[in-house]
Amino acid sequence: MSDSTESTARTVLLTGATGFVGRAVCTALERAGWRVRYATRDAQRAAARWPGREWVTLDVADAESTARALDGCEAALYLVHGMSSHGDDFRSAERRQAENFAKAAERVPLRRIVYLGGVTAPNAEASEHLRSRQDVGDALRAGRVPTVELRASMIIGHGSLSWLIVRDLAARLPVMVLPRWLKSRTQPVAIADVTTALVRSLDLAIDGSEWFDVPGPETLSGREILERTAAVLGARNPIMIQVPFLSPQLSSHWVRFVSRADWSVAREVVVGLKTDLLAHDARFWGLIGHAPLLAFDQAARLAVEEERRSGPVAGAWGVIERLLAGTHQPNGTS
């Protein structure tokens, strides 16, 4: 981008810039003509890893820090998710942070906030994780700055926590106990489609604030997701034994053992799988004219390819994965 273009470009604050979605969306924002201000808790550390970017320190719990980060911005992507850093009080902490951000955005004032949340479930069935995601969206949309809330279920991409859980289970467990809750259905969406949704939402022509589901093109059960992930990995399709009494809470313990995903967050994700997580509709994709969406297998292959470019999985589990893969031939024989 030339200096003259930079001087006239609109500035967007990208919160959660070092996270999975933040890292994925930054290039798309720049290509769309935005000047990106990258926000994180430790700007000095981030600048050392990703030089040449405008980094700012942001603590959304602190009003002054938030005001400084937002100063001069036209819009913001709110990708903050601090569940692992707040312990059992993460839900109330995340709502307070969102309220603080909304108030600071009013004072700038921002033209638009875009927030990436999660698909909602019936209140009686929703996990604390999903309730927290909804609370944050409610708090942002309650402010005076027009806010677009996007609600996604499982995001497929290298670096996604939910994808990491699925990928590790499919690669590492030749025999798997199948809890009843793996019959629950969801609509996984590719990270490439999510980044398109986020960027287009910054200029979406709507009045006031609104939320939209951003589902993937297929509705799959947990079992189908595991089977198709195993196929993409070239792993043996796991033998699944139906056990109706194994709850999500109990299941989260074997997820903890098998997966590299952060335990405090993975536990809440698994507990949230006890019910269908389905979109109300897919009208958002029509509003932004985005089609076709990547199918699950396409998105999974891209995630696997990106992971493999970074080298083989290290440690004992990496050895186990390679041993299991070595006993399985692509044509289905062993």
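Quick note: structure is the one above.
What you are looking at is a predicted structure, and each value in this text was computed from that prediction instead of being measured.

Draft legend 1. How the structure looks around the overall build of the chain. When helices and strands are tallied, the chain shows 14 helices and 13 strands. Scored against the burial criterion, the 334 residues of the chain give a buried share of 51%. Counting only carbon and sulfur atoms, one obtains 51% of the accessible surface of the chain, whose full area is about 15600 Å².

Draft legend 2. Spatial organisation of the layout of surface pockets. Here the second largest pocket defines a volume of roughly 360 Å³. Lining the second largest pocket are 21 residues, with R167, A171, R308, E321 and A325 positioned closest to its centre. The set of elements that each furnish at least two residues to the lining of the second largest pocket consists of α7 (161–172), α13 (296–309) and α14 (315–326). When the residues that make up the lining of the second largest pocket are grouped by side-chain class, the tally is 11 nonpolar, 4 polar and 6 charged.

Draft legend 3. Region of the structure containing the pattern of salt bridges. Overall, the coordinates contain 29 salt bridges when judged by the stated rule. Residue D135 pairs with R95 through a salt bridge whose shortest N-O separation is 3.9 Å. Note that D135 is positioned in helix α6 (residues 128–141) and R95 in helix α5 (residues 90–107), a separation of 40 residues in sequence. In this structure D135 comes out as buried when scored by relative accessible area, which is 14%. When the shortest N-O distance is used, the salt bridge between R283 and D281 registers 3.6 Å. Classification of D281 by relative accessible area gives partly exposed; the value is 33%.

Draft legend 4. View of the side chain of D168. As for its placement among the helices and strands, D168 is situated in helix α7. Classification of D168 as buried rests on a relative accessible area of 0%. Among all residues touching D168, those that are not within four sequence positions of it are V258, S259, R260 and E321.

Draft legend 5. View of helix α9 (residues 222–233). If you check α9, its first and last C-alpha atoms are 17 Å apart, about what 12 residues at 1.5 Å a residue would give, namely 16 Å. Every buried residue of α9 is listed here: G222, I225, L226, T229, A230, V232 and L233. Down the axis of α9, the buried side of the element spans an arc of 160°, and every buried residue falls inside it. The positive-phi residue at the C-terminal boundary of α9 is G234, with phi of around 75°.

Draft legend 6. A look at the side chain of S201. Turning to its location among the elements, S201 is positioned in helix α8 (residues 191–201). If we ignore the near neighbours within four places in the chain, the residues touching S201 are R112, V114, V148, L150 and F284.

Draft legend 7. Examining the nonpolar core more closely. One finds L14, L29, L77, L150 and L198 to be the most contacted residues of the largest nonpolar core, which totals 38 residues. Core analysis: the second largest hydrophobic core is formed by 26 residues, V166, I225, L233 and V304 among them.

Draft legend 8. Expanded view of unusual backbone geometry. In this structure, P109 follows V108 across a cis peptide bond, with omega equal to -10°. Note on placement: P109 falls in the loop between α5 and β5 (112–118). Following A291, the chain continues to P292 via a peptide bond in cis, the omega torsion being -5°.

Draft legend 9. Just the packing of α5 against α6, in detail. Closest axis-to-axis distance for the α5/α6 pair is 8 Å, and the angle between their directions is 15°. In terms of orientation, α5 lies roughly parallel with respect to α6. The crossing of α5 and α6 is right-handed. On α6, the residues touching F90, R91, E94, R95, A98, E99, F101 and A102 of α5 are E128, H129, R131, S132, R133, D135, V136, D138, A139 and L140. Looking at the contact of α5 with α6 residue by residue, the classes come out as 7 nonpolar, 2 polar and 9 charged.

Draft legend 10. Main features of helix α4 (residues 63–70). Every buried residue belonging to α4 is among S65, T66, A69 and L70, and all of these are buried. The buried residues of α4 occupy one face: seen down the axis, they fall within an arc of 125°. What points out from α4, more than 90 degrees from its buried face, is the exposed set E64 and R68. For α4, the secondary structure elements touched by its buried residues are β1 (11–14), β2 (35–40), β3 (54–57), β4 (75–78) and α5. Of the residues trailing α4, G72 is marked for its positive phi of about 90°.

Draft legend 11. Representation of the pairing of strand β6 (residues 147–152) in the model. Counting buried residues in β6 gives 6 out of 6 residues, a clear majority hidden from the surface. Judged from the 6 bridges that link them, β5 and β6 form a sheet pairing that is parallel. Looking at the pairing, I113 lines up with T147 of β6. Of the strand pairs in this sheet, β6 and strand β11 (residues 210–213) are connected by 4 bridges, and their pairing is parallel. Note that in β11 the partner of L150 across the bridge is F212.

About the cut-offs
Numbering of residues starts from 1 in every chain and runs along the sequence as written. Where totals are concerned, whole chains, interfaces and linings use all residues; where local detail is concerned, this predicted model gives features only for residues with pLDDT of at least 70, and gives and counts side-chain atom pairs only at 80 or more. To obtain the side-chain values, all non-hydrogen atoms of the structure were included, while hydrogens and water were left out. Here a helix means four or more residues in a row that DSSP labels H or I, a strand means two or more in a row labelled E, and each is numbered from the N terminus. Remark: exposure states derive from per-residue accessible area (1.4 Å probe, protein chains only) relative to the maximum for the residue type, with buried under 20%, exposed over 50%, and partly exposed in between. Only the protein chains shown count as covering a residue, and every accessible area follows the Shrake-Rupley method with a 1.4 Å probe. Within this scheme a cavity is a closed region of a 1 Å grid, computed over the protein atoms alone, that accommodates a 1.4 Å probe without allowing it to escape, whereas a pocket is open but has protein on both sides within 12 Å along at least five of seven lines; lining residues each have an atom within 4 Å of a point. Grid points are joined across faces, edges and corners, and a volume is the space filled by probe spheres set on the points. When residues are sorted by character, Ala, Val, Leu, Ile, Met, Phe, Trp, Tyr, Cys and Pro go into the nonpolar class, Asp, Glu, Lys and Arg into the charged class, and all the rest, Gly among them, into the polar class. What makes a salt bridge here is a side-chain nitrogen of Lys or Arg within 4 Å of a carboxyl oxygen of Asp or Glu, nothing more. Contact definition: two residues touch when any of their heavy atoms are within 4.5 Å. Here, expected helix span is obtained from the residue count minus one, scaled by 1.5 Å. What the arc describes is the spread of directions from the helix axis to the C-beta atoms. Only buried residues count toward a nonpolar core, which is a set of Ala, Val, Leu, Ile, Met, Phe, Trp, Tyr and Cys residues joined through side-chain atoms within 4.5 Å. Fitting a line to C-alpha atoms yields each axis, with helices limited to the stretch in contact; the angle taken between N-to-C directions then spans 0 to 180 degrees. We call two directions roughly parallel when the angle between them is under 35 degrees, roughly antiparallel when it is over 145, roughly perpendicular when it lies between 65 and 115, and oblique otherwise. In this scheme, a crossing is called left-handed if the near helix is turned counterclockwise away from the far one by less than a right angle; it is called right-handed if the turn is clockwise. Strand pairing is defined by DSSP finding a minimum of two bridges between the two strands.

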